[in-house]
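Summary of the model geometry
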Amino acid sequence: MNLDYSYSKLSLLLSGQNSSDSSPIRSVSFDTRKITNGDHTLFFALAGVFRDGHQFIELAYKKGVRHFVVSTAGSTKSFPGAQEIVVNDTLLGLLDLAKHHRNRFNFPIIAITGSNGKTTVKEWLAQFLGSQFQVSRSPKSYNSQLGVALSILEFNSKTEIGIVEVGVSTMENMIRIREILKPTHGILTSFGSAHRALFDSEHEHLSTKMALFNTVSELFYPDHLNLDKGIAVSTDSNPEIIPHFKLTGDFNLMNVQIAISVAAFFGLDKAKLQQVIPCISPLALRLETFAGNNNNIILNDTYSLDFESLRNSLGYQLATAKGKKRYAIIGVSDASQQHTYEALLNEFKLDGYYFHTQEVSSNYQFHDSSILIKGDRELKMGTLANTFKEKNHQTYLEIDLKAIRHNVNYTKSLLSTGTKLLCMVKASSYGSDAKTMGRFLEELGGDYLGVAYVSEGVELRKNGVLTPILVMNAEESTFGDCVKYSLEPAIFSLKQFESLIKELILQECANFPIHIKVETGMNRLGFVASEIKTLIESIKVQPEVSVKSIYSHLVESDVLHSEFTQKQINLFEAISTEITDNFPYQIDRHILNSEGIKNYTESQFEMVRLGIGIYGGNGTKQLRPAISWLSTVSQLKEIQPHSSIGYNRSFISEKKRTIAIIPVGYADGFKRLLGNGNGGVFIQNNYCHTLGNVCMDMIMVDVTGLKIEEGEPVEIIGKNQTILDFAQKSKTIPYEIMTSFSQRLHRMYVDQ
Ligand SMILES: *Cc1c(COP(=O)(O)O)cnc(C)c1O
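Since this is a predicted model, take the numbers as computed values, not measurements. (Residues numbered from 1 in each chain as written. Predicted model: local features only at pLDDT ≥ 70, side-chain atom pairs only at ≥ 80, totals over all residues. Heavy atoms only, no water.)

On to the overall build of the protein. When helices and strands are tallied, the protein shows 23 helices and 36 strands. Of all 752 residues assigned to the protein, the portion counted as buried reaches 55%. Partitioning the contacts of the protein with sequence separation of at least 6, the portion at a separation of at least 24 is 67%. Entry remark: accessible area of the protein is about 33,500 Å², with carbon and sulfur atoms responsible for 49%. Taken as two groups, the 74 positive and 79 negative side-chain charges of the protein have centres that lie 2 Å from each other. (Helix = DSSP H or I, 4+ residues; strand = E, 2+ residues; numbered from the N terminus. Buried < 20%, exposed > 50% of the residue type's maximum accessible area, 1.4 Å probe, protein only. Contact = heavy atoms within 4.5 Å. Areas by Shrake-Rupley, 256 points an atom, 1.4 Å probe, with all protein chains shown as cover. Lys, Arg positive; Asp, Glu negative; His and termini not counted. Charge placed at Lys NZ, Arg CZ, Asp CG, Glu CD.)

Once that is clear, we can look at the site of the ligand. What surrounds the ligand is the set Met424, Lys426, Tyr430, Met472, Arg524, His553, Asn593, Ser594, Arg609, Gly611, Ile612 and Tyr735. Between Ser594 and the ligand, the recorded distance is 2.4 Å, taken from a side-chain N or O atom to an oxygen atom. At 2.5 Å from an oxygen atom of the ligand is found a side-chain nitrogen or oxygen belonging to Tyr735. Within the shell around the ligand, the residues separate by chemical class into five nonpolar, four polar and three charged. (Near = heavy atom within 4 Å. Polar contact = N/O pair within 3.5 Å; in protein donor to acceptor, adjacent residues only side chain to side chain. Nonpolar A, V, L, I, M, F, W, Y, C, P; charged D, E, K, R; others polar.)

This next bit is on the sheet that holds strand 26 (residues 607-610). Spatially, eight strands are ordered 25-24-23-22-21-20-19-26 in an open sheet, and the strand pairing comes out parallel. Of all the strands in the sheet, the pair left with one neighbour each is strand 25 (588-590) and strand 26. Within the sheet, the average angular offset between the axes of one strand and its neighbour, ignoring direction, is 30°. Here six bridges tie strand 23 (residues 512-517) to strand 24 (residues 545-551), and the two strands are oriented parallel to one another. From the neighbouring strand, Ile516 faces strand 24, where its bridge partner is Ile550. (Pairing = 2+ DSSP bridges. Axes fitted to C-alpha atoms, helices over the stretch in contact; angles between N-to-C directions.)

The next point concerns the packing of aromatic side chains. Counted by the stated rule, this structure contains 20 aromatic pairs. Here Phe105 and Phe107 contribute two aromatic rings whose centre-to-centre distance is 5.4 Å and whose plane-to-plane angle is 35°, an arrangement assigned as tilted. Residue classification places Phe107 among the buried residues on the basis of a relative accessible area of 9%. Directly above the ring of Tyr61 sits Arg66, whose terminal nitrogen or CZ lies 3.7 Å from the centroid. (Phe/Tyr/Trp six-rings, centres within 6.5 Å; stacked < 30°, edge-to-face > 60°. Lys NZ or Arg CZ within 6 Å of the ring centre and 35° of its normal.)

Let us now look at the environment of Lys229. Looking at the element boundaries, Lys229 is found in the loop between strand 11 (218-222) and strand 12 (231-233). For Lys229, a relative accessible area of 42% puts it in the partly exposed group. Distance in space between the C-alpha atoms of Lys229 and His689 is 75 Å, their sequence separation being 460 residues. Apart from residues lying up to four places away in sequence, Lys229 is in contact with Met210, Leu219 and Tyr221.

Per the stated rule, a full pass over the model turns up 18 salt bridges. Among the ionic pairs, Asp702 bridges to Arg657, the shortest N-O distance being 2.7 Å. Taken together, the residues Asp702 in strand 34 (residues 699-702) and Arg657 in strand 31 (residues 657-662) connect sequence positions 45 residues apart. Each member of the pair, Asp702 together with Arg657, is buried. (Salt bridge = Lys/Arg side-chain N within 4 Å of Asp/Glu carboxyl O.)

Moving on, we get to unusual backbone geometry. Although it is not a glycine, Lys182 sits at a positive phi angle of roughly 40°. For Lys182, the position within the fold is in the loop between helix 6 (171-181) and strand 10 (185-188). For Lys182, a relative accessible area of 35% corresponds to the partly exposed category. The phi torsion at Glu508 lies on the positive side, around 55°, for a residue other than glycine. For Glu508, the location among the structural elements is in the loop between helix 18 (494-506) and strand 23.

A large share of strand 9 (residues 161-165) lies buried, amounting to five of its five residues. Taking every second residue as pointing to the same face, both faces of strand 9 are buried, with Ile161, Ile163 and Glu165 on one and Gly162 and Val164 on the other. Sheet analysis places strand 7 (residues 109-113) next to strand 9, joined by four bridges and oriented parallel. Bridge assignment links Ile110 to a residue of strand 9, and that residue is Ile163. Direction of pairing for strand 8 (residues 135-137) relative to strand 9: parallel, over a ladder of three bridges. For Ser136, the partnering residue across the bridge sits in strand 9 and is Gly162.

Moving on, we get to the domain arrangement of the protein. What the domain assignment reports for the protein is domain 1 (5-91), domain 2 (105-280), domain 3 (287-391), domain 4 (400-615) and domain 5 (627-750). Relative placement of domain 3 and domain 4: their C-alpha centres are 40 Å apart. (Domains from an automatic or database assignment.)

With that settled, consider the sheet that holds strand 12. Pairing between sheet strands relies on hydrogen bonds along the backbone, with the strands arranged either parallel or antiparallel. The parallel open sheet is built from six strands, whose spatial order is 8-9-7-10-11-12. Each of the sheet's edge strands pairs with one partner strand only, and the pair in question is strand 8 and strand 12. Neighbour-to-neighbour, the strand axes of this sheet turn through a mean angle of 20°, independent of strand direction. Two elements, strand 11 and strand 12, share three bridges in a ladder whose sense is parallel. Residue pairing across strands places Tyr221 opposite Ala232, the latter belonging to strand 12. Helix 8 (residues 250-265) contacts strand 7, strand 10, strand 11 and strand 12 of the sheet and is inclined by roughly 160° relative to strand 11.

Looking now at helix 13 (residues 401-414). Across its 14 residues, helix 13 extends 20 Å between first and last C-alpha, which sits within 8% of the 20 Å expected from 1.5 Å per residue. Those residues of helix 13 lying buried are Leu401, Ala403, Ile404, Asn407, Val408 and Thr411. For helix 13, the angular spread of the buried residues around the axis is 160°, confining them to a single face. If you follow the buried residues of helix 13, they end up packed against strand 18 (396-400), strand 19 (420-424), helix 15 (434-443), helix 21 (594-599), strand 26 and strand 36 (746-750). The distance from a side-chain oxygen at the start of helix 13 to the backbone nitrogen of Lys402 is 3.0 Å, and the residue carrying that oxygen is Asp400. (Expected span 1.5 Å × (residues − 1). Arc of directions from axis to C-beta.)

On to the nonpolar core. Formed by 102 residues in total, the largest nonpolar core has its most connected members in Ile404, Leu441, Trp629, Phe670 and Ile683. Here this core spans two domains, and each of domain 4 (400-615) and domain 5 (627-750) adds at least three residues to it. Beyond its immediate sequence surroundings of up to four residues, Ile404 is in contact with Ile399, Met437, Phe440, Leu441, Leu444, Ile614, Tyr615 and Ala626. Counting residues in each nonpolar core, the second largest holds 47 residues, with Phe44, Leu46, Phe155 and Leu219 among its members. (Core = buried A, V, L, I, M, F, W, Y, C linked by side-chain atoms within 4.5 Å.)

With that out of the way, let us pick up the pairing of strand 14 (residues 297-301). Here strand 14 lies mainly inside the structure; four of its five residues are buried. Pairing of strand 14 with strand 17 (residues 369-374), which is carried by five bridges, proceeds in the parallel orientation. Looking at the pairing, Leu299 lines up with Leu372 of strand 17.

Where helix 3 (residues 90-102) contacts helix 6, the two axes come as close as 8 Å, and the packing angle between them is 40°. Classified by the interaxial angle, the pair formed by helix 3 and helix 6 is oblique. Across the interface between the two elements, Leu92, Leu95, Ala98, Lys99 and Arg102 of helix 3 pack against Arg176, Glu179, Ile180 and Leu181 of helix 6. Grouping the amino acids of the contact of helix 3 with helix 6 by side-chain chemistry returns five nonpolar, no polar and four charged. (Parallel < 35°, antiparallel > 145°, perpendicular 65-115°, else oblique.)

What follows is the structure, encoded as structure tokens:
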């Protein structure tokens, strides 16, 4: 944004009040997350559904904003130097400003609306027109009233053409937008389907959209709509340009035809159009389309659910189904919402639709269909969509959420009430994928999550995890992200502590949560006893931080009645008491990991750290194994006597055998030392050992005498061969096996 207003001018404009503050205002903001430097920014405290912008005034102020538009007088009075403009409704205030701004310009303004393809047409048209003009267009796919206002505020003295996407759904809002935007040209993008007449409700919808165009001098639209004005664009238009278009599908074709027709109308010649068109590429739509199993197409739109976006997605499904059956699975949080969507779903005459209120379940059976999966940004719907994925790699990990629930609850039952539980989700949550597990463990009531690196914590936050997160190896270069994403670093040296303090001062943080790592015997990271005094003094004088916990790590927690462990625990108790005695507030202490919880339960202090026990990976009887590694037989082969198998002829079969080829190799984490009979898999509960060397992507196993077929399920890790068994054969520990599962293995979550 590059505005050229003064605060006093805006004060007069928005509230009729004079102000003596003539500071320049260059941009407006309503989202503190997007403010990097608040100088010359006017912050609108908008009232949202989930939060009220007035609550973010302090944060905006901390980021340097001094000018605010509020609806409650006095909202900024406790912030020295802050100025406020008071209006009745801050959104209407922003729209007023947009209206004023629009009236200062008289270049052409193209408004785009329709059911589907608005953003695509906008971006493609901007690409064409941008080759010849200075174009201002809506950022991203903001198309609400707010988005339109922001688009208008992008206009400046250099702009030659404005392109604005409009996606509001009520007549009242549409008319309001028209009066603010005053478009000179209009585009109606694809609407309904080219292959049938409009439904009744679509007619109504169409008239709402058309209200935007009452005053335009020219309107472009797809020819199947048969409107009696404007320019009807057909998929056969522009025969000299279209052969250079790389994308396929009627939907893309119509969208690009519209963009070309409008660009030509504004004076782009054939040569220019031919030059731009090969560069036109698909947009990453929020709606993800992928090939499903059983020849299905999956439309994964699990970002948001509301009436308008459901209509859009159903329209898109209709336009792209190409004769396949159409199904929809709609995620709703409770059954009372169902009737809101039923009429709309019925209107689209689907072959079936389902409301999905359950947790992960994969009981749906579809083939040769287009399946729309639609819901809020909830873990479960996205996971459901994944279960329909075509598994191009037939080897996958199955993660049993029910077992994990049991393991967490069992662990809790060992602890005294009030002892907190930290769940370790480092290293992709021991191979099981931290995004999903973080959310799941949060639901199970973990008090803390633990990760090794800041980047792992950022990933969790980006996936909506709200639980406090302890970062064990926070590197100095990542402290900025600790603040930004509320990640709590462990402090293990004075040098690292000082550099954290510098960052916190810079960011004006107070009481930022930190954890102290103390060394008791591992000889890894941590403060040794002799450094503790200095550390305490350093922390005491820094209001920037507040100590949440003190911890250490056991060296041999799997050994019962270990003297060394007892020494570690005693030392930890002494050091941590020295620290807690020096602070007036509560500080938690923790030293037990999974094995420690089992063997040294009495030393649980105020918190414990559960890692491998979550997955039942350490062989503890009361815990259930939660991870299975599964595959299927790719091919069966008869081997003649004296034939060799695999690379380097390391195995030569003296007799006739049947071998099975399994699509798993060392690139998946199936260690090479398991070749030549040192390891194996289970097929129909029979152990089948490897023959020859393990390849990168395959192994060959002996199935002589078994009655099996190609496609037969294979267990690599599961009830016959536990992670512990597999690790022992691989001459390592379960931790290494779990963290070596390759990323290419599909993770499938089951909860049955
Ligand atoms: C990984 C880790 C844990 C979890 O250990 P498990 O043996 O998997 O329970 C606990 N504390 C620290 C410091 C760790 O690094």
